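Listed here are the chains, written in short residue letters.
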Amino acid sequence: MGSGTAQAQSSKSKASSEDLTNPAPMGSETQPVPPLSTTIPGFLQSPYGPPSFGAPYGTTHMLGTWGGVQPWLQKHGIYVAVDVYESLMGNVTGGRHQTETNAGQVGVTVDLDWHQILGGDWSKDLWLHTLMVNGHGRNLSGDIGDNVTQAQQIYGARGNVVAHLVWAYAEKAWFNRKVDLAAGWIPTGTFFNNSPWLCSFANVSMCGNVTPTKYLNGGRDWPSGNMGTVLRLMPNPHLYLMGGLFAVSPHSYNGGISGWSWAQSGLGKLSTEVELGWIPEFGKDKLIGHYKVGAMYDNSRYHDLYDDGSGQAWVLSGRNPRYQSGQTSVWVLMDQMLIRHGDGPMNGLMLAGYYSYASGQTSAMNHHLVGSLLDTGKLWGRPLDTWGIAYQWMNFSRAAILQQEASLDNGLPFQSTNFGVPHGVQSHENVYEFFYSFHIMNGLTLQPDFQYFNRLGGTTRYKDAAVLGMVFNAAL
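Since this is a predicted model, take the numbers as computed values, not measurements. (Residues numbered from 1 in each chain as written. Predicted model: local features only at pLDDT ≥ 70, side-chain atom pairs only at ≥ 80, totals over all residues. Heavy atoms only, no water.)

Draft legend 1. Main features of the pairing of strand 13 (residues 365–377). Pairing between strand 12 (residues 348–358) and strand 13: eight bridges, direction antiparallel. Within the sheet, the bridge partner assigned to L351 lies in strand 13 and is L373. Hairpin connection, strand 12 to strand 13: the antiparallel pair is bridged by six residues. For strand 13 and strand 14 (residues 382–396), the ladder comprises 12 bridges, and the chain directions are antiparallel. Opposite M365, over in strand 14, you have F396 as the bridge partner. Connecting strand 13 to the antiparallel partner strand 14 that follows it, the hairpin turn spans four residues, and G381 within it adopts a positive phi of roughly 80°. (Pairing = 2+ DSSP bridges. Helix = DSSP H or I, 4+ residues; strand = E, 2+ residues; numbered from the N terminus.)

Set out below in structure tokens:
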């Protein structure tokens, strides 16, 4: 299952974020803040995440007021954003064969402020949030022989439908937004296991909530939703504690291929996620940081990747795999601004990274480590441009490797895991990425991207692949 976004969903509470009438675009120290009628409202900005999609330099509409439609809608409590994202990628060397693909989507959010619509104190900070996408294209990494990670963040899990439902949930805040409750159809990574810098990069293993958690049934993320609820306590703007409870779908597609089938069979098990976050601001320049630690536990039962219950390989013994009770994932994410170049949570030199773990007996990938550096182009007179470099290390579990070795030694086909069917015995994979995002105009960017895949798919079956790409993003 692929799971990516364009400037993906964030850990957020929309109603409890910035001033609705005065959002500050990221990297905007050289431009005045646009008036309300030309902006996507500030509730799409989280105190610890990026917009839900699009608007990579803040919350501006490329098409301005839509001929006066936007200010009228916002006056009546209706907030609409439309985003177009296209990603063209091709491998110039390495891989199974040389090819190129395009993958993209059109996304539409509609958010209703019931206080503006209905009035009354009871409806204050009460919202309905919805997001639908139409995805298209092919997965380059699958074509070149990598089932572990994807060079393009927009691919997979959308189904061949006009409008795939990503989320539809109600949100209510109390006590000056210190307590926030959301309930409905929610991708877990909309709230958990996410940070504002992740979707600056094109590789899907970073965008959204991070790998391997989102490749577990209990932690599936965007564009797969989950029936669930999230409670967030934020006693001050620098500290929060969140907990979530979600139904676990045993099917390949949560909510069916359309995302609208909420009453799927087999939803009897539950996934619990918790996260503690600290958002400090250091010094007179308010150098912002995001520090998070979290965990997920799914009480479902899953097949062991290797053990048949007697310590032998089930691919050889013919016995059923041993059932493992429960599945666990933990994560640690951090980013820290070192030098500020203007207003906004991403406008400056930032050091960032994360580590994520999943139970190796049931997840083929058990460790994922990332380090990155990001900045704007202020030093060469392009303060609204951004660039970044990142390194990823993805490690495969002992159980997965033992299963693959048993299959190889006995001439048997490799078995599918939560990361697909491998092309050989896996050990680890390294991915290097560099991007430069050109700010063309409000709401429009072009982003050249380079990625190098070492040990493609975690194996030595194919030569290392060098991938070049171009990402187009327009928040209409």
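Draft legend 2. Fine view of the state of the cysteines. Per the counting criterion, the structure on display carries one disulfide. Shown here is the disulfide that connects C199 with C207, its sulfur atoms set 1.9 Å apart. Residues C199 and C207 are joined through a disulfide that is right-handed, its torsion about the S-S bond being 100°. (Disulfide = S-S within 2.5 Å.)

Draft legend 3. Empty space enclosed by the protein, seen in detail. Under the definition given, this model contains three cavities of 30 Å³ or more. Roughly 60 Å³ of internal volume is contained in the second largest cavity. If you go around the second largest cavity, the residues you meet are W185, G225, N226, M227, A247, S249, N254, G255, S261, W262, Q264 and L267. Here the lining of the second largest cavity is built from residues that sort into five nonpolar, seven polar and no charged. (1 Å grid on protein atoms, 1.4 Å probe; cavity = no way out; pocket = protein on both sides within 12 Å on 5 of 7 lines; lining within 4 Å. Points joined across faces, edges and corners; volume = space filled by probe spheres on them. Nonpolar A, V, L, I, M, F, W, Y, C, P; charged D, E, K, R; others polar.)

Draft legend 4. Representation of the nonpolar core in the model. By size, the foremost hydrophobic cluster in this structure holds 37 residues, and its most contacted members are F191, W197, M206 and Y354. Among the elements that line this core, the one with the most residues is strand 12, at four residues. Excluding residues that lie within four positions of it along the chain, Y354 makes contacts with W197, L198, S205, M206, V210, T211, V332, L333, H368, L369 and V370. Counting residues in each nonpolar core, the second largest holds 30 residues, with A151, I154, A313 and F419 among its members. (Core = buried A, V, L, I, M, F, W, Y, C linked by side-chain atoms within 4.5 Å. Buried < 20%, exposed > 50% of the residue type's maximum accessible area, 1.4 Å probe, protein only. Contact = heavy atoms within 4.5 Å.)

Draft legend 5. The arrangement of the confidence of the model for the protein chain in detail. Residue-level pLDDT values for the protein chain average 84, and 86% of them are 70 or greater. Overall, residues 1–58 carries pLDDT values under 50, and its contacts beyond four positions in sequence, including any with other chains, amount to 243 contacts. (pLDDT = per-residue confidence, 0-100.)

Draft legend 6. How the structure looks around the pattern of salt bridges. For the structure shown, the criterion picks out five salt bridges. Note that K284 and D285 form a salt bridge whose closest N and O atoms lie 3.6 Å from each other. In this structure K284 comes out as exposed when scored by relative accessible area, which is 76%. We classify D285 as partly exposed; its relative accessible area is 38%. (Salt bridge = Lys/Arg side-chain N within 4 Å of Asp/Glu carboxyl O.)

Draft legend 7. Focus on a nonpolar patch on the surface. A cluster of nonpolar side chains, namely W174, F175, L181, L231, L233, L239, L241, L276, W278, F282, V293 and V332, defines an oily patch on the protein surface of about 1100 Å² accessible area. Tracing the chain through its elements places L239 in strand 7 (residues 239–247). (Patch = residues over 30% accessible without salt bridge, like charges linked within 9 Å, V, L, I, M, F, W, Y side chains within 5 Å. Areas by Shrake-Rupley, 256 points an atom, 1.4 Å probe, with all protein chains shown as cover.)

Draft legend 8. Quick peek at the packing of aromatic side chains. Summed over the entire model, instances satisfying the criterion amount to 15 aromatic pairs. Judged by centre distance (6.5 Å) and plane angle (90°), the rings of W197 and F201 are edge-to-face. Both residues of the pair, W197 and F201, belong to the buried class. Ring geometry for W278 against Y291: centres 5.5 Å apart, planes inclined by 35°, an arrangement best described as tilted. Pair noted here: W278 is in strand 8 (residues 270–278) and Y291 is in strand 10 (residues 287–303), with a separation of 13 residues, a long-range link. Given the relative accessible area of 40%, W278 is considered partly exposed. The exposure class of Y291 is partly exposed, given its relative accessible area of 26%. An aromatic cluster of at least three residues, connected via ring pairs, comprises W197, F201, Y354 and F435. Taking NZ or CZ as reference, R301 lies 4.4 Å from the ring centre of Y323, over its face. (Phe/Tyr/Trp six-rings, centres within 6.5 Å; stacked < 30°, edge-to-face > 60°. Lys NZ or Arg CZ within 6 Å of the ring centre and 35° of its normal.)

Draft legend 9. Broad picture of the side chain of S329. Mapping S329 onto the fold places it in strand 11 (residues 323–340). A relative accessible area of 0% places S329 in the buried class. For S329, the side chain forms a polar contact with the side chain of T213, separated by 2.7 Å. Polar side-chain contacts of S329 include one of 2.8 Å to the backbone oxygen of Y357. If we ignore the near neighbours within four places in the chain, the residues touching S329 are T213, L216, G294, A295, M296, S356, Y357 and A358. (Polar contact = N/O pair within 3.5 Å; in protein donor to acceptor, adjacent residues only side chain to side chain.)

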